Amino acid sequence: MAAEREPPPLGDGKPTDFEELEDGEDLFTSTVSTLESSPSSPEPASLPAEDISANSNGPKPTEVVLDDDREDLFAEATEEVSLDSPEREPILSSEPSPAVTPVTPTTLIAPRIESKSMSAPVIFDRSREEIEEEANGDIFDIEIGVSDPEKVGDGMNAYMAYRVTTKTSLSMFSKSEFSVKRRFSDFLGLHSKLASKYLHVGYIVPPAPEKSIVGMTKVKVGKEDSSSTEFVEKRRAALERYLQRTVKHPTLLQDPDLRQFLESSELPRAVNTQALSGAGILRMVNKAADAVNKMTIKMNESDAWFEEKQQQFENLDQQLRKLHASVEALVCHRKELSANTAAFAKSAAMLGNSEDHTALSRALSQLAEVEEKIDQLHQEQAFADFYMFSELLSDYIRLIAAVKGVFDHRMKCWQKWEDAQITLLKKREAEAKIMVANKPDKIQQAKNEIREEIEEWEAKVQQGEREFEQISKTIRKEVGRFEKERVKDFKTVIIKYLESLVQTQQQLIKYWEAFLPEAKAIA
Amino acid sequence: MEVHPEAGKEGKPSCALVELQGDSSLQVEISDAVSERDKVKFTVQTKSCLPHFAQTEFSVVRQHEEFIWLHDAYVENEEYAGLIIPPAPPRPDFEASREKLQKLGEGDSSVTREEFAKMKQELEAEYLAIFKKTVAMHEVFLQRLAAHPTLRRDHNFFVFLEYGQDLSVRGKNRKELLGGFLRNIVKSADEALITGVSGLKEVDDFFEHERTFLLEYHTRIRDACLRADRVMRSHKCLADDYIPISAALSSLGSQEVNQLRTSFLKLAELFERLRKLEGRVASDEDLKLSDMLRYYMRDSQAAKDLLYRRLRALADYENANKALDKARTRNREVRPAESHQQLCCQRFERLSDSAKQELMDFKSRRVSSFRKNLIELAELELKHAKLKGPPGAPSAKAV
């Protein structure tokens, strides 16, 4: 039942929640609890669960998190949009409950459905603007999963097909649950269509995952080793996140191309996405031209907001890149640690075998077992490091590139308007000249022509101004939305990541505690 | 660079390596050490009520080469052929650490001042750790000698402890090093010959078992030691990785004006603590595991050497027997052959007896040392893991 939700407490108390930790104190969980004590409203379904002793929630909830499919990360993130209503704090609550309560994610989706179906039918007849406004208070009930990568075909023509499953109660879709098979180039095709329609009017279209010739070649050739399975898994997760982000965008969700992508069983093959195709080369040329243009456009920025934001994004970009590089190093080294631990475990076992003192021999074998388990832990942690932390950073680095692109489009729009104004001015000057000239026979015809041109250019100027204002307005809204999403995304991931670290530590404690009596038993 | 270990001896690592039943009649310790440009000077302090010494308390300054001289003196002494000679301490090696400090000094402009300070701190701690370890190794060498009923009475040992001046022992020059290297080769070849080609039969089951055991054990412990080292280095690597991550998160946090600020700053702080903890885990694994494995790798080598000497004595005895038989059949020079055979027999028996005792001591020393170190390792690991998140504390929940 939808309990009374109190408005989240406003920000002041937060910094003081940050207690000084002493040595013996629980570093992690106090960290997590501080983060989550910031504005949040308790989940109705979870209220009873939270009365259960918090201690018993220790190991269990994290099990829930880690056992589930990676996609739940974003399922929950999608759900959070429901809490985002205009009268609430725009910076909204985190999703504390999946982490804390034993309640599984499915219960998060279930209670919502009845409230959402009320608003869904209304979407039909609205204009685009109204829909967008509604979006801020609307609840999105659509969950996308990308799964079951399957190799189709053989040799160099082989490709991976992914199953795209949609679960939704939005009535624009014909069914509430359906799935289709798509290949990577289909995703790229979708992105390219959306980008061509929406980018230049200021919508931040989430970028698709990057191509990788090396990775795909290995898969095509059929190398069934761990690096190619890793590659496929990385790609699958990236495609899922891409779709999740795209459907979260209220305007893009309405797009027929997106719907076709999700629903129709057959999709025309998107050949223009190949790197070496004609379209690919054209893209590269355009990109280069754009880069040059950007340098030459000198825009009179009348609105400081845009300049500020651009600078902000530039800073954020640099810092995320730096952090990303460091995290990649961390992932690499943790994997090394795992491999070295496994090697040590083996040699400890061998040593235990050689040892002729029975109790010591047993203790050494136990040590070997502990080290093996620790190796597993390291592997899992490296997995978490990568999929939670590193991939989030790289996603946002590319998203920010998209944001920068949108700002650039605005500049181009301005340039167009400016050019139109200049041309209009020239035409008016020409008209004035004609007026004073003394060639009566040519005058009437020339006057008409120039009149026509002036009208044409006046219209263009007006259109240019309208477009410019429109794109500026759209960008403001988009950036606002983007920032909200960013905060939510990062916060969710940080909490999850922290929990993975807690989980690892707790496991370590268990293993060493089991080993200690063995060591003491050496007579 | 002058580095002094604390004279107060907190947590003597030497005790962890070898449990010594010493008595108080001869106590040796390294009370101070100074690291200069390319050598380390150890101050060896002795407390003894033995009549041999002029004073009851005295100290001298010794360098690494003098320890090696002492070790070699023991090895070359026939009297101690039946004993396990405590392994010589390894040469102090600060090369790697110095290089790293130098590289850091040369500077990397992309590193912030905070990061630089942290990295410098890490490297200095590493340098200090290496220094402490080398002191411990030298100390345990002397302490084992002092604890051994036979070895402690050696004249060279007394000189080493008491003679106030420089022993003028220069480091081995290239010829001597090469000579030592060749001697080792000859030794292994000899051993192979004795046991293999000539088919020398081991007369005693105990020694047969010990030999097989030691050969395998030595190889495996060497492996384990190398791999433990790698694990330790990986932990250190990880700890170093946390530095730039923590810094980047801090700067991200300070730029945010919304909720994310707290998240980033918290995560940054967490990584900082993780860094320190990883560092501690690395150094604990180093001391409790790697060092112990390394020490017993050397000690088992010393035991192997003892077995080799005994085997050599056995071979000599066999040869003497054969020579005696030959002399008897030819009825020429029987007496010298007889006495030679007698000597060989006595020597062999003497070696066998003491070797047996030594090997049993080796085993009990090993077992108790492993026990102590494994327990301490587990306890430390638990302590560190708990520092990061005790299970009983209030866990994450929404307010």
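Keep in mind that this is a model prediction, so the values were computed, not measured. (Residues numbered from 1 in each chain as written. Chains lettered and ligands numbered in written order. Predicted model: local features only at pLDDT ≥ 70, side-chain atom pairs only at ≥ 80, totals over all residues. Heavy atoms only, no water.)

### Digging into the overall build of chain B
Logical step 1: Looking only at helices and strands, chain B has nine helices and three strands in total.
Logical step 2: Its helices and strands taken in sequence order, chain B reads α-β-β-β-α-α-α-α-α-α-α-α from the N to the C terminus.
Logical step 3: Within chain B, the proportion of its 399 residues that are buried is 50%.
Logical step 4: Long-range contacts, defined as pairs at least 24 residues apart, comprise 76% of the intrachain contacts of chain B with a sequence gap of at least 6.
Logical step 5: About 19700 Å² of surface is accessible on chain B, with carbon and sulfur atoms providing 53% of the total. (Helix = DSSP H or I, 4+ residues; strand = E, 2+ residues; numbered from the N terminus. Buried < 20%, exposed > 50% of the residue type's maximum accessible area, 1.4 Å probe, protein only. Contact = heavy atoms within 4.5 Å. Areas by Shrake-Rupley, 256 points an atom, 1.4 Å probe, with all protein chains shown as cover.)

### Let's talk about the overall build of chain A
Logical step 1: Summing up its helical and strand segments, chain A has 17 helices and three strands in all.
Logical step 2: Taking all 523 residues of chain A together, 51% fall into the buried category.
Logical step 3: Considering only residue pairs separated by 6 or more positions, chain A has 77% of its internal contacts joining residues 24 or more positions apart.
Logical step 4: Surface summary for chain A: the accessible area is close to 25100 Å², and the carbon and sulfur share equals 55%.

### Some details on the UniProt feature "coiled-coil region" (unreviewed entry) in chain A
Logical step 1: In this structure's numbering, the residues bearing the UniProt feature "coiled-coil region" (unreviewed entry) are residues 443-474 of chain A.
Logical step 2: End C-alpha atoms of residues 443-474 of chain A are separated by 45 Å, and the span's content is 100% helix alongside 0% strand. (UniProt positions renumbered as here; feature names shortened; annotations may be inferred.)

### Concerning the domain arrangement of chain A
All names here are of chain A.
Logical step 1: Examined at the domain level, chain A breaks down into domain 1 (137-290) and domain 2 (303-522).
Logical step 2: Using C-alpha coordinates to define each centre, domain 1 is positioned 18 Å away from domain 2.
Logical step 3: Taken together, the 22 residues of domain 1 in the interface contact 23 residues of domain 2.
Logical step 4: Between domain 1 and domain 2, a total of about 1900 Å² is buried, with carbon and sulfur atoms accounting for 54% of that surface.
Logical step 5: Three residues, Ile204, Arg241 and Arg245, lead the burial of domain 1 against domain 2; their summed loss comes to 32% of the area buried on that side.
Logical step 6: Taken together, the links from domain 1 to domain 2 amount to six salt bridges.
Logical step 7: With a shortest N-O distance of 3.4 Å, Asp489 and Arg245 are connected by a salt bridge.
Logical step 8: At the junction of domain 1 and domain 2, the tally comes to ten residue pairs in polar contact (both at pLDDT 80 or more).
Logical step 9: When residues in the side of domain 1 that touches domain 2 are grouped by element, the largest group, seven residues, is from helix α11 (residues 226-248).
Logical step 10: Along the lines of polarity and charge, the residues of the side of domain 1 that touches domain 2 split into eleven nonpolar, three polar and eight charged. (Domains from an automatic or database assignment. Buried area = accessible area lost by both parts, 1.4 Å probe. Salt bridge = Lys/Arg side-chain N within 4 Å of Asp/Glu carboxyl O. Polar contact = N/O pair within 3.5 Å; in protein donor to acceptor, adjacent residues only side chain to side chain. Nonpolar A, V, L, I, M, F, W, Y, C, P; charged D, E, K, R; others polar.)

### Structural notes on the pairing of strand β1 (residues 26-35) of chain B
Logical step 1: Most of β1(B) is tucked away: seven of the ten residues are buried.
Logical step 2: From the end of β1(B) to the start of strand β2 (residues 40-48) of chain B, which pair antiparallel, there are four residues. (Pairing = 2+ DSSP bridges.)

### Side note on the sheet that holds strand β1 (residues 142-152) of chain A
All names here are of chain A.
Logical step 1: If you walk across this open sheet you meet the three strands as β1-β2-β3, and the pairing is antiparallel. Two strands lie at the open edges of the sheet, namely β1 and β3 (177-183), each paired on one side alone. Going from strand to strand, the sheet's axes swing by 20° on average, the running direction of each strand aside.
Logical step 2: Taken together, the nine bridges between β1 and strand β2 (residues 159-168) define a ladder with antiparallel strand orientation. The partner of Ser147 across the bridge, within β2, is Arg163. (Axes fitted to C-alpha atoms, helices over the stretch in contact; angles between N-to-C directions.)

### As for the pattern of salt bridges
Logical step 1: Going through the model one piece at a time under the given rule, you end up with 57 salt bridges over all chains.
Logical step 2: Of the charged contacts, one joins A:Arg476 and A:Asp303 as a salt bridge, the two residues approaching to 2.2 Å between their closest N and O atoms. Here A:Asp303 lies in the loop between α14 (278-296) and α15 (304-354) and A:Arg476 lies in helix α17 (residues 440-520), a separation of 173 residues in the sequence.
Logical step 3: Between B:Glu66 and B:Arg62 there is a salt bridge, with its nearest N and O atoms 3.8 Å apart.
Logical step 4: Judged by its relative accessible area of 0%, B:Arg62 falls in the buried class.
Logical step 5: Through salt bridges that share partners, A:Arg241, A:Arg245, A:Glu391, A:Asp395, A:Arg398 and A:Asp489 make up one connected network.

### Description of helix α13 (residues 256-263) of chain A
All names here are of chain A.
Logical step 1: When α13 is considered as a whole, its buried residues turn out to be Asp257, Leu258, Phe261 and Leu262. For α13, the arc enclosing every buried residue in end-on projection is 135°, short of the 170-degree limit, so these residues lie on one face.
Logical step 2: Where α13 is buried, its residues contact β1, β2, β3, α9 (184-198), α11 and α12 (250-253).
Logical step 3: Between a side-chain oxygen at the N-terminus of α13 and the backbone nitrogen of Asp257 the separation is 2.7 Å; the capping residue is Asp255. (Arc of directions from axis to C-beta.)

### Overview of the side chain of A:Glu485
All names here are of chain A.
Logical step 1: Topologically, Glu485 is positioned in helix α17.
Logical step 2: Residue Glu485 is classed as buried on the basis of its relative accessible area, which comes to 14%.
Logical step 3: Within the structure, Glu485 has its side chain in polar contact with the side chain of Lys248 (distance 3.0 Å).
Logical step 4: Within the local environment of Glu485, its side chain forms a polar contact with the side chain of Lys488, the two groups lying 3.2 Å apart.

### Considerations on the nonpolar core
Logical step 1: A:Leu262, A:Trp512, B:Phe271, B:Leu293 and B:Phe370 are the most contacted members of the largest nonpolar core, which has 150 residues in total.
Logical step 2: At 30 residues, helix α16 (residues 358-436) of chain A tops the list of elements feeding residues into this core.
Logical step 3: Looking at this core, you find at least three residues from each of domain 1 (137-290) and domain 2 (303-522) of chain A.
Logical step 4: The contact partners of B:Phe370, leaving out residues within four places of it in the chain, are A:Leu351, A:Leu360, A:Leu364, B:Tyr217, B:Ile221, B:Met292, B:Leu293 and B:Tyr296.
Logical step 5: Grouped together as the second largest cluster of nonpolar side chains are 31 residues, B:Phe58, B:Tyr127, B:Ala146 and B:Leu151 included. (Core = buried A, V, L, I, M, F, W, Y, C linked by side-chain atoms within 4.5 Å.)

### Here we look at a nonpolar patch on the surface
Residues and elements named next belong to chain B.
Logical step 1: On the surface, Leu178, Phe181, Leu182 and Ile185 cluster together to form a nonpolar patch covering roughly 410 Å² of accessible area.
Logical step 2: As for its position among the elements, Ile185 is in helix α6 (residues 174-197).
Logical step 3: On the accessibility criterion, Ile185 (44% relative accessible area) is partly exposed. (Patch = residues over 30% accessible without salt bridge, like charges linked within 9 Å, V, L, I, M, F, W, Y side chains within 5 Å.)

### Looking at α9(A)
Residues and elements named next belong to chain A.
Logical step 1: In this model α9 runs 21 Å from its N-terminal to its C-terminal C-alpha over 15 residues, within 8% of the 21 Å that 1.5 Å per residue would give.
Logical step 2: In terms of burial, α9 is largely enclosed, as eleven of its 15 residues are buried.
Logical step 3: The complete set of buried residues in α9 reads Phe184, Ser185, Asp186, Phe187, Leu188, Gly189, Leu190, His191, Leu194, Ala195 and Tyr198. (Expected span 1.5 Å × (residues − 1).)

### Remarks on the packing of aromatic side chains
Logical step 1: Counted by the stated rule, this structure contains 32 aromatic pairs over all chains.
Logical step 2: Centre to centre, the rings of A:Tyr396 and A:Phe482 are 5.9 Å apart; their planes meet at 55°, and the pair counts as tilted. Remark: A:Phe482 occurs in helix α17 and A:Tyr396 occurs in helix α16; sequence separation between them is 86 residues.
Logical step 3: Classification of A:Phe482 as buried rests on a relative accessible area of 6%.
Logical step 4: Chaining the aromatic ring pairs together yields one cluster made of A:Trp305, A:Phe306, A:Phe313, A:Tyr396, A:Phe407, A:Phe482, A:Phe490 and B:Phe264.
Logical step 5: The cationic tip of A:Arg182 hangs over the ring face of A:Phe261; the distance from NZ or CZ to the ring centre is 5.3 Å. (Phe/Tyr/Trp six-rings, centres within 6.5 Å; stacked < 30°, edge-to-face > 60°. Lys NZ or Arg CZ within 6 Å of the ring centre and 35° of its normal.)

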